[in-house]
Amino acid sequence: VCSFVDGIGPDGILDPVEYVIDPQFSGLYNVYDYHLKNVKPEHVTRRLADLQRPWNLAVSLHAPTDELRARLIPSRHRHTLADILAACDYYREKVNRMPTLEYTLVRQLNDAPATAEALAALARQHHCKVNLIPCNANLPHFAAPAPAACRTFLEILTASGVQATLRLRKGE
């Protein structure tokens, strides 16, 4: 289960999330199975951490360097790696939950073995899991790598000691 977080507060995400996981209300989901997908990491992640709820946090990363992120993410939505990872560290320290780094694999852009090694180093240093997602777009310059390349990327992460998953595409 995943919720996208763009704001927090009395009129933001807190009340709906509390409702779906609280057994006195709906109790629809176990708190430990619930992931908050954060699209504005710095201030929102810190505010979530300060609530000290045991929610899992997923943060969009998609590249292990700011230079590569600039090729993937529009500037108005892009935050520096340092800010994202500092917010993840803060969240982990306050909530004692390992954040997940969401990483969309794009053929010939961020799927090289050296990129996997750089991502593994970041994930280990900041005690984060990695969720690999083959790109869904079918555009010439934004396509998913071959399934074998995705598996190789995953194997590099796991061989480096990183807890990682690869989202399977339907039909594979």
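The rules behind each value
Residues numbered from 1 in each chain as written. Predicted model: local features only at pLDDT ≥ 70, side-chain atom pairs only at ≥ 80, totals over all residues. Heavy atoms only, no water. Helix = DSSP H or I, 4+ residues; strand = E, 2+ residues; numbered from the N terminus. Buried < 20%, exposed > 50% of the residue type's maximum accessible area, 1.4 Å probe, protein only. Contact = heavy atoms within 4.5 Å. Expected span 1.5 Å × (residues − 1). Arc of directions from axis to C-beta. Pairing = 2+ DSSP bridges. Right-handed = clockwise from strand over helix to strand, strands pointing away. Axes fitted to C-alpha atoms, helices over the stretch in contact; angles between N-to-C directions. Left-handed = near helix turned anticlockwise from the far one by under 90°. Lys, Arg positive; Asp, Glu negative; His and termini not counted. Salt bridge = Lys/Arg side-chain N within 4 Å of Asp/Glu carboxyl O.

Enquirer: Outline the environment of R124, listing residues and values.
Expert: Inspection of the secondary structure puts R124 in helix α5 (residues 113–125). For R124, a relative accessible area of 41% corresponds to the partly exposed category. For the pair formed by R124 and S160, sequence separation is 36 residues and the distance between their alpha carbons is 8.3 Å. Beyond its immediate chain neighbours, meaning those up to four positions away, R124 contacts S160 and V162.

Enquirer: Any chance you could break down α5 for me, citing the residues and the numbers?
Expert: Over its 13 residues, α5 extends 18 Å from the first C-alpha to the last, a length consistent with the 18 Å expected when each residue adds 1.5 Å. All of the buried residues along α5 are T115, A116, L119, A120, L122 and A123. Seen from one end, α5 has its buried residues packed into an arc of 165°, which puts them on one side. Turned more than 90 degrees from where α5 packs its buried face, A114 and Q125 sit exposed. Lining the buried residues of α5 we find α3 (66–72), α4 (81–95), β4 (100–105), β5 (129–134) and α6 (147–159).

Enquirer: Now, about α4: what can you tell me, with residues and values included?
Expert: For an α-helix the count is 3.6 residues per turn, leaving residues at separations of three or four pointing the same way. Helix length check: α4 (15 residues) gives 21 Å between terminal C-alpha atoms against 21 Å at 1.5 Å per residue, within 8%. All buried positions along α4 are accounted for by L81, I84, L85, A87, C88, D89, Y91 and V95. Positive phi appears at N96, one or two residues downstream of α4, with a value of about 60°.

Enquirer: Give a description of the pairing of β5 that names residues and reports values.
Expert: Across a regular strand the side chains alternate sides, sitting on one face of the sheet and then on the other. For β5, the tally of buried residues reaches five of six residues, placing the bulk of the element in the interior. Pairing between β4 and β5: six bridges, direction parallel. Bridge assignment links L101 to a residue of β5, and that residue is V130. Handedness of the β-α-β unit built from β4, α5 and β5 comes out right-handed. Bridge analysis of β5 against strand β6 (residues 164–166) gives three bridges, and the strand direction is parallel. Opposite N131, over in β6, you have T165 as the bridge partner. Where the polypeptide runs from β5 across α6 and back to β6, its parallel neighbour, the crossover connection is right-handed.

Enquirer: Give a detailed account of the environment of Q125, specifying residues and quantitative values.
Expert: Considering the arrangement of structural elements, one finds Q125 in helix α5. Overall, the relative accessible area of 55% leaves Q125 in the exposed class. For the pair Q125 and D89, spaced 36 residues apart in sequence, the C-alpha separation works out to 9.7 Å.

Enquirer: Pulling in residues and values, what's your account of the pairing of β4?
Expert: Burial of β4 is extensive: five of the six residues sit out of reach of the surface. Bridge analysis of strand β3 (residues 56–60) against β4 gives three bridges, and the strand direction is parallel. Residue S60 lies in a different strand from β4, and its bridge partner there is E102.

Enquirer: Just give me the short version of the packing of α5 against α6, but keep the residues and values in it.
Expert: Viewed as axis vectors pointing N to C, α5 and α6 meet at an angle of 35°, and their least axial separation amounts to 9 Å. As α5 packs across α6, the resulting crossing turns out to be right-handed. Contacts between α5 and α6 pair P113, T115, A116, E117, L119 and A120 from the former with F153, I156 and L157 from the latter.

Enquirer: Can you lay out the side chain of R69 for me, pointing to particular residues and giving the numbers?
Expert: Tracing the backbone through its elements, the reader meets R69 in helix α3. The buried charged residue R69 lacks any salt bridge, with D66 as its nearest oppositely charged partner at 4.5 Å. Leave out the neighbours within four places in its chain, and R69 touches S60, L61, A63, R78, H79, L81 and I84.

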